[in-house]
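The residues making up each chain are set out below.
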Amino acid sequence: MYYLKRFSKGDRFFIACRRNYNPRKYPVSRKVLWGGANVLYFCPEAIFLDLNIKNKLHCIKKSLFPHFFTIFFSIFSIALVIQFLTSEFFIFTKIRQLLCTTLITTCIFSILLKNKKVLLYNYLAALLPLLSLLFLKITADKPLPASDAAFYITFCLAITNTGFLLYYYTSYTRYAKIFFLPAFLFQLLCFIFSLLVWGYYAASGQFPNAAALLAFLQTNPSEALEYLQTNFTTITFVLFIGLILTYLSWITCFIKRLTALKITLLPLLLLVLISTGNLWTLYRSTDNFLVNIFRETQTALHNYDSFAQQKAARQKALASLAELNSASASGAYFLVIGESQNKDHMSAYGYERPTTPWLNSMTDQKNFFLFQNAYACHSHTVPVLTYALTAKNQYNALALENAASIIEVAQAAGFQTVWISNQVKYSAWDTPVSVIADQAQTQYWLNGHLGETTQTTRYDLSLVDVLKTLPLADKTLVVLHLMGNHGSYQERYPHKFQRWFNTGKGRNIDTYDNSILYNDYVMQNLFQFIEQLPGFQGLVYFSDHADDVDANLSHDSSRFTFNMVHIPFYAYFSEAYAQNNPQVIDACRQNRSAYFTNDLIFDTMTDIMQIHLPALKKENSLANKNYQHTQADLKTLYGKKSLSEDCK
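The numbers attached to residues start from 1 for each chain and follow its sequence in the written order. Local features in this predicted model are restricted to residues whose pLDDT is 70 or higher, and side-chain atom pairs enter the listing and the counts only when it is 80 or higher, whereas totals over whole chains, interfaces and linings include all residues. Side-chain metrics rest on all non-hydrogen atoms present in the structure, leaving aside hydrogens and water.

J.: What should I look at first to understand the overall build of the protein in this one?
T.: Counting secondary structure elements, the protein contains 22 helices and 13 strands. Considering the protein as a whole, with its 648 residues, one finds that 53% of them fall into the buried category. Every residue pair with non-hydrogen atoms within 4.5 Å of one another is taken to be in contact. For the protein, the proportion of contacts with a sequence separation of at least 24, taken over those separated by at least 6, is 76%. What sets the accessible areas is the Shrake-Rupley method with a 1.4 Å probe; for residues, cover comes only from the shown protein chains. About 30600 Å² of surface is accessible on the protein, with carbon and sulfur atoms providing 59% of the total. The way it works is that DSSP assigns letters per residue, a run of H or I at least four long becomes a helix, a run of E at least two long becomes a strand, and they are numbered from the N terminus. Burial classification: accessible surface area is computed with a 1.4 Å probe over protein chains only, and a residue below 20% of its type maximum counts as buried, one above 50% as exposed, and the rest as partly exposed.

J.: When you look at the pattern of salt bridges in this model, what are you seeing that I'm missing?
T.: Once the charged atoms of two side chains with opposite charge are near each other, the side chains can pair. Salt bridge, as applied in this entry: a Lys or Arg side-chain nitrogen positioned within 4 Å of an Asp or Glu carboxyl oxygen. For the structure on display, the rule yields six salt bridges. Between Lys505 and Glu352 there is a salt bridge, with the nearest N and O atoms lying 2.5 Å from each other. In this pair, Lys505 is assigned in the loop between strand 8 (475–481) and helix 19 (507–530) and Glu352 in the loop between strand 3 (331–338) and helix 14 (357–362), connecting sequence segments 153 residues apart. Its relative accessible area of 35% is what places Lys505 among the partly exposed residues. The closest approach of N and O atoms between Asp556 and Arg559, which form a salt bridge, is 3.6 Å. We classify Arg559 as buried; its relative accessible area is 4%. Residues joined in a network through salt bridges with shared partners are Arg353, Asp510 and Asp513.

J.: Just to check I follow, could you spell out the side chain of Ser621 for this structure?
T.: Of note, Ser621 is situated in the loop between helix 22 (601–608) and strand 12 (635–636). In protein, a polar contact requires one atom able to donate a hydrogen and another able to accept it; more generally it is a pair of N or O atoms within 3.5 Å, and residues adjacent in sequence count only if both atoms are side-chain atoms. A polar atom in the side chain of Ser621 sits 3.1 Å from the backbone nitrogen of Ala623. The residues contacting Ser621, other than those within four sequence positions of it, are Asp603, Thr604, Asp607 and Tyr627.

J.: What am I meant to see in the state of the cysteines here?
T.: In a disulfide, the sulfur atoms of two cysteines are held together by a covalent bond. Disulfides are defined as cysteine sulfur pairs within 2.5 Å. Applying the stated criterion to the full structure yields zero disulfides. With no disulfide of its own, Cys190 lies closest to Cys156 among cysteine sulfurs, the gap being 9.1 Å.

J.: What is the right way to look at helix 21 (residues 582–590) in this model?
T.: Given 3.6 residues per helical turn, the α-helix brings residues three or four places apart onto the same face. Of the positions making up helix 21, those classed as buried are Val584, Ile585, Ala587 and Cys588. Down the axis of helix 21, the smallest arc covering the buried residues is 165°, so these residues share one side. Summarising the contacts, the buried residues of helix 21 are in contact with strand 4 (368–370), strand 10 (569–573), helix 20 (575–580) and helix 22. This arc is built from the directions going out from the helix axis to the C-beta atoms.

J.: Help me understand the confidence of the model for the protein, please; the structure alone is not making it clear to me.
T.: Should pLDDT be low for a region, the predicted coordinates there are not to be read in detail. Summing up the model confidence of the protein, the mean pLDDT is 76 and the portion of residues at 70 or higher is 67%. The pLDDT score gives, residue by residue, the confidence of the prediction method on a 0 to 100 scale. Within the model, the stretch residues 1–68 combines pLDDT values under 50 with 105 contacts to residues more than four positions away or in other chains.

J.: Would you take a moment to explain the packing of aromatic side chains for this structure?
T.: The way to describe two aromatic rings as a pair is by their centre distance and the angle between their planes. The aromatic pairing rule takes the rings of Phe, Tyr and Trp, using the six-membered ring of Trp, and pairs them if the centres are within 6.5 Å, calling planes under 30 degrees apart stacked, those over 60 edge-to-face and the rest tilted. Scanning all chains against the criterion turns up 28 aromatic pairs. Residues Phe368 and Tyr570 carry aromatic rings whose centres are separated by 5.6 Å and whose planes lie at 35° to one another, so their mutual orientation is tilted. Of this pair, Phe368 sits in strand 4 while Tyr570 sits in strand 10, placing them 202 residues apart in sequence. On the accessibility criterion, Phe368 (4% relative accessible area) is buried. Assessed through its relative accessible area of 3%, Tyr570 is described here as buried. Here the aromatic residues Phe334, Trp358, Phe368, Phe527, Phe536, Tyr541, Tyr570 and Tyr572 are joined through ring pairs into a cluster of three or more.

J.: Any chance you could explain the nonpolar core here in plain terms?
T.: Across soluble globular proteins, you tend to see nonpolar side chains buried next to one another. Buried Ala, Val, Leu, Ile, Met, Phe, Trp, Tyr and Cys residues form a nonpolar core when they are joined through side-chain atoms within 4.5 Å. Ranked by size, the top nonpolar core spans 64 residues in total, and within it Tyr333, Phe569 and Phe573 carry the most contacts. For Phe569, the contacting residues outside a window of four places in its chain are Tyr349, Phe369, Leu370, Phe371, Ala374, Val540, Tyr541, Phe542, Phe596, Ile601 and Leu622.

J.: I keep staring at the pairing of strand 6 (residues 416–421) and nothing clicks. Help me out?
T.: It is a general feature of regular strands that their side chains alternate between the two faces of the sheet. The buried count for strand 6 comes to five of six residues, which makes it a mostly enclosed element. Pairing between strands is defined by DSSP: at least two bridges between the two strands are required. In this structure, strand 6 lies alongside strand 8, joined through six bridges in parallel fashion. Looking at the pairing, Gln416 lines up with Thr476 of strand 8. In the sheet, strand 6 pairs with strand 7 (residues 442–445) via four bridges, with the strands oriented parallel. Looking at the pairing, Ser421 lines up with Trp445 of strand 7.

J.: Explain the sheet that holds strand 10 here, please?
T.: Each strand in a sheet pairs with another by means of backbone hydrogen bonds, the pair being arranged parallel or else antiparallel. Read across the sheet, seven strands follow the order 4-10-9-3-8-6-7 without closing on themselves; strand pairing throughout is mixed. In this open sheet, the two strands that pair with only one neighbour each are strand 4 and strand 7. Pairs of neighbouring strands in the sheet enclose a mean axial angle of 10°, with direction left out of account. Axes here mean lines fitted to C-alpha atoms, for a helix over just the part in contact, with angles spanning 0 to 180 degrees between N-to-C directions.

J.: Honestly, the side chain of Asp646 in this entry has me stumped. Any pointers?
T.: By the element assignment, Asp646 lies in the segment after strand 13 (641–642). Within the structure, Asp646 has its side chain in polar contact with the side chain of Tyr375 (distance 2.6 Å). With near-sequence residues (within four places) excluded, Asp646 lies in contact with Tyr375, Phe562, His566 and Gln631.

J.: How should unusual backbone geometry be read in this particular structure?
T.: Most peptide bonds take the trans form, and the phi angle of most residues other than glycine is negative. Although it is not a glycine, Ser554 adopts a positive phi angle of roughly 55°. Take Ser554: it is sitting in the loop between strand 9 (536–543) and strand 10. Note on Ser554: relative accessible area 25%, which makes it partly exposed. In this model, Leu637 sits at a positive phi of 55°, which is unusual for a non-glycine residue. Tracing the backbone shows Leu637 in the loop between strand 12 and strand 13.

J.: Looking at this structure, I do not really get the environment of Ser421. What am I missing?
T.: With respect to the secondary-structure elements, Ser421 resides in strand 6. Taking relative accessible area as the criterion, Ser421 reaches 1% and is therefore assigned buried. Expressed as a C-alpha distance, the spacing of Ser421 and Leu446, which sit 25 residues apart in the sequence, is 6.2 Å. Other than its neighbours up to four places away in sequence, Ser421 contacts Tyr444, Trp445, Leu446, Asn447, Leu463 and His481. Here Gln423 takes part through its backbone nitrogen, which lies 2.9 Å from a polar atom of the side chain of Ser421.

Now the structure itself:
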């Protein structure tokens with residue numbers, strides 16, 4: 001017997017048979033054709049029960065199509081619950097994108113549930129990694145406002161909907177198969193990004209921020225490798241690769257099943273409307289904590305670019321200040337920039353190990369000043385030196401592109417400028433530091449890798465050898481940028497300076513202390529040479545930032561501690577300079593215990609060199625008796641942390 005019945009797309013059915021029906025003897029041939037095609041059944045012994053027509057053909061069908069409004073109001077109810085958890089009326093102020101996202105997500109869920117569960121599972125596999133970042137943000141940082149959480153959820157839904165709409169377009173024509181690759185890559189990249197954020201959280205205990213991303217963009221492959229080796233184990237890498245391969249296998253399996261699956265096709269116009277609404281919602285929901293990290297990073301890079309582009313305008317403005325050349329003091333001035341040096345590991349500041357024997361001996365010298373309470377203005381090199389070497393600081397409203405650099409000001413005042421560095425010249429982007437260094441009339445770059453590595457071919461003592469070959473003009477500013485105590489610490493000193501090894505404090509602390517000892521030796525040799533120079537006037541030393549080596553946190557600002565900004569700062573002046581500028585000597589003596597942040601180095605250095613800029617405030621210079629800053633009003637981390645929060 002043959003039974004002909006028309007079924008709808010996606011229907012399920014069953015056949016009721018006689019008691020003596022043998023399915024092995026009389027198999028039921030059944031096939032559901034998509035698009036409402038006729039279905040032919042061959043079953044000689046089957047009886048189909050019909051509730052409407054007795055003893056006639058009957059099929060009890062069960063549709064998987066969910067109740068549209070049930071899903072819609074379920075999703076919207078979650079938003080209402082969030083509304084009650086906050087005083088912000090985001091439901092009413094952002095009602096359009098919220099409703100649009102809810103509607104689109106409901107439509108997609110309806111399509112997924114009507115077809116195969118594999119679609120639903122893959123949708124959740126794409127959505128949940130992104131949503132998990134919300135959990136990290138709440139766990140790692142201070143409590144997140146409920147409205148911010150709601151907008152991020154909206155963003156995640158819109159992102160996931162975008163990927164599945166690309167998958168959905170592939171079902172229309174064979175030409176639409178080109179959407180498979182972008183949809184595949186889109187989903188995989190979202191998962192890898194989420195996994196990287198989880199990895200960063202596992203290493204630092206913090207959610208990434210713009211400063212961390214900016215530091216990553218300004219690093220180089222070797223420095224990145226050093227960071228990974230310090231913070232991740234081999235097991236971590238294996239787990240990371242394993243998760244990616246597992247997820248890749250899942251997506252590949254999903255695509256194979258998707259290509260064999262017939263999906264309910266919506267009218268093309270309706271699909272276009274859904275896609276347009278989803279893109280609009282995605283755009284309007286980008287104001288969330290994750291996207292804002294990239295926006296802040298982009299703003300910083302734009303400011304750096306503007307600084308380089310405004311070089312000519314700054315030089316023209318300085319050239320108009322004729323009094324700079326006549327008022328400045330002649331002679332040779334040396335500004336030495338250390339790297340990652342923590343004063344808490346220097347015996348001159350009270351550390352139990354004798355890591356700075358030369359500096360200890362200098363503390364009793366006349367015209368030598370060891371400043372006790374110096375802090376870095378940030379925990380990363382580029383943000384620190386961007387402020388320390390320009391007129392921009394945390395306490396003024398001067399735009400970075402309009403902030404003159406110490407090199408520009410010195411040249412306008414008639415100084416010959418020299419930059420000697422053992423660091424790489426460029427990183428991923430030309431930062432203000434590289435722009436400032438490139439303005440010097442004479443440049444020596446001992447590390448010839450040009451941004452490819454942080455590995456040094458020479459130790460810092462080689463800077464002194466270069467300096468010995470340097471002819472000095474009547475008025476000279478020499479800036480020396482050391483590799484200092486940058487990780488990996490064991491690469492910063494010769495083997496003969498390995499004084500501490502297997503002492504029980506840990507390899508990290510031992511190698512760091514060895515690098516401090518070698519830095520002290522470098523500064524001793526530098527001082528002994530420049531002190532004998534006929535035109536020597538003054539030496540100023542400061543570190544860009546410190547490393548929290550005790551907690552093994554390096555200087556990552558996303559897991560900030562005040563140990564990352566405890567820096568050494570000291571100065572020495574010749575007797576001739578002291579006699580000609582007694583007001584500077586008196587001010588330095590008066591301010592030895594004053595609190596200070598190194599974004600004010602520009603003000604202090606110009607004061608020492610007797611370069612008087614009208615725009616500078618006297619209360620910002622440690623070399624001025626009018627210095628007024630206290631621990632209560634000074635900041636670090638670009639104004640985010642007050643020094644009064646530091647409990648030493």
